[in-house]
Protein chains: 2
Amino acid sequence: MPRPLRFAAFVMNTTSHITHGAWRLPEARQTDFNSLEHWVSLAVELDRGGFDFVFFADVVGLYADHRGSWEKFVESGLQIPSNDPSVIVSALAHATENLGIAITSSILQEHPFNFARKISTLDHATRGRIAWNIVTSLSANAWRNFGYDDITPHDERYAWAEEYVDVVYKLWEGSWEDDALPQDKVRGVHGEFDRVHKIHHVGKRYRVEGPHLVAPSPQRTPLLFQAGSSPAGRRFAARNAEAQFISSPSPDAARDLIADTRGLVAEAGRHPDDLTFFQGLSFVIGSTEQEARRRSAELDEYIDDDTMVAHAAGSIGVDLGHYDLDTPVGEVESEGSRSSLRWLREAVPDREPTVRDLARLRSRNSRVVGTPEQIADVLGRWRDAGVGGINVINYTIPGSYREFIEHVLPQLRQRGLAAPEPEPGTARRKLTGRDRLDDRHPAAAYRGAFGR
Amino acid sequence: MPRPLRFAAFVMNTTSHITHGAWRLPEARQTDFNSLEHWVSLAVELDRGGFDFVFFADVVGLYADHRGSWEKFVESGLQIPSNDPSVIVSALAHATENLGIAITSSILQEHPFNFARKISTLDHATRGRIAWNIVTSLSANAWRNFGYDDITPHDERYAWAEEYVDVVYKLWEGSWEDDALPQDKVRGVHGEFDRVHKIHHVGKRYRVEGPHLVAPSPQRTPLLFQAGSSPAGRRFAARNAEAQFISSPSPDAARDLIADTRGLVAEAGRHPDDLTFFQGLSFVIGSTEQEARRRSAELDEYIDDDTMVAHAAGSIGVDLGHYDLDTPVGEVESEGSRSSLRWLREAVPDREPTVRDLARLRSRNSRVVGTPEQIADVLGRWRDAGVGGINVINYTIPGSYREFIEHVLPQLRQRGLAAPEPEPGTARRKLTGRDRLDDRHPAAAYRGAFGR
C-alpha cells in the first residue's frame, strides 16, 4: 500500500495570507493573530486532530505597489501586519506532542551564525520538530528594509543562498561531534574540547569563525523545505530541500513536475525520492455536493479580487492595479516573470488567461469542493500522481482546519490516505524515517570535516 | 513607606553562567538547559512565587582565550553551549501570568529591522511583559562569528548602538499610530493606511525604509535594560535605559554610583528617577547563621577558581591563565580595563588585589549568607541606598530560587521589602507604573514624526 499523505496547515502570522477577503467572514478568527493563545489553541487542535505540520509562511516587507501605492495592503490586511513566526514556536511546541513546526526565514533577514543558533535552540525546544523553509525574499521593500537599494538579482540570490546554507550546514553538522557534551559531574567535564570545532568559514559574503554555540540537537539540520519554481530555485531545491511546495493545476501536471524535479535531484547526487512534494489545496466541505457548492459560492462573495490581484502582482513584478481585469496576462508580464505564471497557463490551457483569471484562480484553482468522500477521491488522485503531502490552505482559522479534521481526515484514514494516528518523533522522521540527514545530502560532507 | 524591591532571577540559557563549578552540585539541574520544560517549570515557579522578572544574560561568542585556548570554556561549560534565549520566551509567557521576561541581545547579532519585529511580536505574545537588555558584545570571537576581524573599539560600538536604538525606536514608536488596526469586518477596513508610516531611516550603518511590520504592542518599546559600566556605556544607559544592572561591593558604594548616574540621567534630559538600579546578589540561606555559614563553606568546595579567573579575564582583555594566582592585578590589567576592575579595588580597599581575589570575589563578593531575617536586614540596607531591585544570582537551578521564594520572600513581605502579591501588567508598569515610555525618553521624539 502506498504511504499515507502528510498534512500541513499552511498559515502565516498575519490576518490575510492567501484567500484575501475571507477574514471578513463572521466566523473568521485569523484577525486574532497577535494573540499567542490563538496560535497555541490552533496548534493543539492540529496536533490532536492528526495534522503532521503547521507551516508558517513569512515575508519581511511589503509586496510591490498596487496602483502605485501600498495602501491596498494595509487596508485589506494583505500580510501586513505580519509577525515573526519564529518566536512563537516554543509556545506551540510546549503545548503539543507530535506536531512538526515549519517556519520560513529569508537569507536576507538574519545572519547565518545567529540563525543557526536560533534553529538549533528550537530543535532542542521542540524535541526535533522544527523545519525551515528557505527563501530569498522577492520584495524590493524587504531589501530596502535591510539596507539595499533594490532586490538582488535572482541568480545572485541563489548563489548567496548556497553560501548561506553552507555556513549553517557547517555549524549544524560539523562543529560539534556526537557525545561532545558528557556533563560529567564526577569528573568535572562538562564538554569534550576535542569534539568541538571552529568552522573558519570564509566565503564571498560571510566569514564565520565558530564554534557553533549549541550542542547537537535531535535533528542537527532542521527538516528543509523550499518552494522555488524558477530554474535556479528548482536547482537549489534539488540540491538542498527535503520537501517542496508545489501549486500544480492538476494531478497530471504535478506528475510531470515531480518526475522532472526528481531528475534534478538525481543529477545533484541524491536519490530521486529524497524530496517529498506538498501540493497546496483548500477545501470546501459539505454533507452533500450541493451543500458544498452552495458554501463555495457563499465564500466567493467574500473573496476580494482586487486584493488577489495585488498579491499575484507581487510575484510577477508588475503593478496590475493599473490594468483592466480583462487584460490578457501576455500584455502585462515581463520576461523574468514568465516562469512564475506557468501555473496560470496550465490552469487555462485553452485560451490566453486574463488579469481576472489570475486573481480568481489564485483563490479557486486550488479549491476542492465536495463531500468528504469526493474530497478523498480527489486526494487519492494527487497521491497517485506522486504527491507526498497536502498543504491545507485555509479560508478561516480555525474553521477550515476543524472541518478538515472532523470530516475529511476520518474518511482519508479509512482509505489509507492518512496515517491511522498521529506519528511521534522528529519532523524529518515523518517524511524520511530518519532523525538526521542521510549521507547523500550536501550538508553531510561537513560531518567530521573540522577535526583537529 | 519606600517602594518594595523588585526581584529578577538572573539566568542564562547555558549550564555555567556566573558561579562556575556549582553545576557539579548533586542537586544542580542547570545542566538541563537544552530542555524547554526545564525553563518553563522554573518560570512557573518564579511567577507563582512572586518574582517580578526572569532575566536572560547572553553571549554570541567565546570569552577571550585562557592559557592560550578556549579548552577551559568547553570543559567547564562556561557559557558554552549557550542557547538563544529569545526563542524560548513565548513558552515561558504562555505558562505564566505576571512574570516579566528580559532577554539580552547585541547590536552585533541581529539587524535592527528584524530585531524590532521580533521584539514587537514578543510584546504581543507576552501581553507586554518583554524587556530588552541592550549590549554591544565584548568578545572578539563573537565579532569574528559575524564577519569582523576583531572587536569594534569601545566608543565606536556605543555610537553604533545609538544608531541601532534610533532605528528600533522609529519602528516601535513612530511607524504605526494607535488605532491604526480597526480590523473592521463590516467596512472591510483591516488597517488605516493614513496611520501607518515608513520611517526612511538613513544613517551611518543602516538604511531602513519601513513600515514596521508589527502593529502597536502593549509597551511598543520594550522595557529597556542596560549594564554598561564604562564612561560611554554609562552615558548610553543614562540616555536610553530604564533599568540598570550594578555590581556594587556595598550599599554605600551603590549609593554613590546611583547618585552619580542619576546626575547623568538628568543631564540627558530625563528625570533622575527614570532609571531603576538592580543590584546583583546571591544568597546562601540557613535556619541559623551557623547553618548558613556551613552551607556557604560547602559551596566553596564546588566553586572552580580557575574557571572564575577565565571568566573574569574576559572582561579585562588579558589572559590571566598565564599568571600565578598571587599576581597583583595592577601587573596584569591594561589601560582600557581599569574601569572594569573598579569594583575589585572597592571590594579590597586596604591592599592591592590579586588574581586570586579577582577569582574569589567574583563568587563571594555578591554572596549574602545568613538567616532569612539577616538577609532581610541586608536587603533593607540596599534598598535604603537607592537600589530598586535585586538580580538574584543562582548557585543551583531551581534550588537557589526555590529557597529564596520559600524562606526569604515571606520575610521581605512582612517588612514591606517585597510586594505583598505578584503584580499584574506590563514589564514597564512594574517599574514605572506606565505601559509606554514617558515623553522624556528619546524614543518619544519619534511619535507622530512620520505622518504624511
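Before reading further, recall that the structure is shown in the block above.
Starting from 1, residues in each chain are numbered consecutively following that chain's sequence as written. Written order decides the labels, with chains lettered from A and ligands numbered from 1. Given that this is a predicted model, residues contribute local features only at a pLDDT of at least 70 and side-chain atom pairs are listed and counted only at 80 or more, while totals for whole chains, interfaces and linings are drawn from all residues. Based on all heavy atoms of the structure, the side-chain values leave hydrogens and waters out of the count.

K.L.:
Just checking my understanding: could you explain the packing of helix α4 (residues 112-125) of chain A against helix α6 (residues 154-174) of chain A for this structure?
P.N.:
All names here are of chain A. With their axes 9 Å apart at the nearest point, α4 and α6 run at an angle of 50° to one another. By the criterion of interaxial angle, the relationship of α4 to α6 is oblique. Read as a crossing pair, α4 and α6 show a hand that is right-handed. Listed contacts from α6 to Pro-112, Phe-113, Phe-115, Ala-116, Ile-119 and Ser-120 of α4 are Tyr-164, Val-167, Val-168, Leu-171 and Trp-172. Among the residues forming the contact of α4 with α6, the class breakdown is ten nonpolar, one polar and no charged. Interaxial angles span 0 to 180 degrees and are taken between N-to-C directions of axes, which are lines fitted to C-alpha atoms, for helices over the stretch in contact. A run of H or I in DSSP counts as a helix once it spans at least four residues, and a run of E counts as a strand once it spans at least two, with each numbered from the N terminus. Orientation categories follow fixed angle ranges, with anything under 35 degrees roughly parallel, anything over 145 roughly antiparallel, 65 to 115 roughly perpendicular, and all other angles oblique. By the definition used in this description, the sense in which the near helix is turned from the far one sets the handedness, with an anticlockwise turn below a right angle giving left-handed and a clockwise turn giving right-handed. Residue contacts are counted whenever heavy atoms from the two residues lie within 4.5 Å of one another. Gly counts as polar in this scheme, as do all residues outside two lists: the nonpolar Ala, Val, Leu, Ile, Met, Phe, Trp, Tyr, Cys and Pro, and the charged Asp, Glu, Lys and Arg.

K.L.:
Whenever I open this one, a negative patch on the surface confuses me. Can you help?
P.N.:
For patch detection, residues must exceed 30% relative accessible area and be free of salt bridges, and they are connected within 9 Å for like charges or within 5 Å for nonpolar side chains (Val, Leu, Ile, Met, Phe, Trp, Tyr). For the area figures, the Shrake-Rupley method with a 1.4 Å probe applies, and any residue is considered shielded solely by the protein chains shown. Here, a salt bridge means any Lys or Arg side-chain nitrogen found within 4 Å of an Asp or Glu carboxyl oxygen. His is not counted, nor are the chain ends; Lys and Arg add positive charge and Asp and Glu add negative charge. Throughout, a charge is located at the NZ atom of Lys, the CZ atom of Arg, the CG atom of Asp or the CD atom of Glu. Taken together, the side chains of Glu71(A), Glu177(B), Asp179(B) and Asp194(B) present a region of like negative charge at the surface. Note on placement: Asp194(B) falls in the loop between α6 (154-174) and β5 (201-202). A residue is classified by how much of its surface remains accessible, and Asp194(B), at 58% relative accessible area, is exposed. When accessible area is computed with a 1.4 Å probe and restricted to protein chains, residues below 20% of their type maximum are described as buried, those above 50% as exposed, and intermediate ones as partly exposed.

K.L.:
Quick question: what am I supposed to make of the nonpolar core here?
P.N.:
In terms of nonpolar packing, the biggest core is built from 242 residues, with Phe7(A), Phe51(A), Leu379(A), Phe7(B), Phe51(B) and Leu379(B) touching the most fellow members. When near neighbours in sequence (up to four residues on either side) are disregarded, Leu379(B) contacts Leu5(B), Phe7(B), Leu281(B), Phe283(B), Ile390(B), Phe404(B), Leu412(B) and Leu417(B). Residue types Ala, Val, Leu, Ile, Met, Phe, Trp, Tyr and Cys, when buried and joined through side-chain atoms within 4.5 Å, form a set referred to as a nonpolar core.

K.L.:
Looking at this model, I keep getting lost on the relation of the copies chain B and chain A. Mind explaining?
P.N.:
Taken together, a rotation about one axis and a shift along it account for how the two chain copies relate. Between the two copies, chain B and chain A, the superposition gives an RMSD of 0.0 Å; the rotation angle is 180° and the shift along the axis is 0.0 Å. Read as a symmetry element, the transformation amounts to a two-fold axis. Minimal C-alpha separation from the rotation axis in chain B is found for Ala91(B), amounting to 1.8 Å. Most of the interface of chain B is mirrored in chain A, where 100% of its interface residues are also at the interface. For this overlay, a least-squares fit was computed on C-alpha atoms, restricted to residues scoring pLDDT of at least 70 in both copies.

K.L.:
What should I look at first to understand the packing of aromatic side chains in this one?
P.N.:
Describing an aromatic ring pair means giving the distance of the ring centres and the angle of the ring planes. Residues and elements named next belong to chain B. Note on aromatic pairs: the rings of Phe, Tyr and Trp (six-membered ring only in Trp) are paired at centre separations within 6.5 Å, and the planes decide the class, stacked below 30 degrees, edge-to-face beyond 60, tilted for the rest. All told, the structure shown has 57 aromatic pairs over all chains when counted by the stated rule. Plain terms: the ring middles of Phe-51 and Tyr-401 are 5.8 Å apart, the flat faces sit at 85° to each other, and that makes the pair edge-to-face. With Phe-51 in the loop between α1 (36-49) and β2 (53-57) and Tyr-401 in helix α14 (residues 399-414), this pair connects stretches of sequence that are 350 residues apart. Accessibility expressed as a relative area gives 3% for Phe-51, which makes it buried.

None of the figures reported here should be taken as evidence of function without further support.
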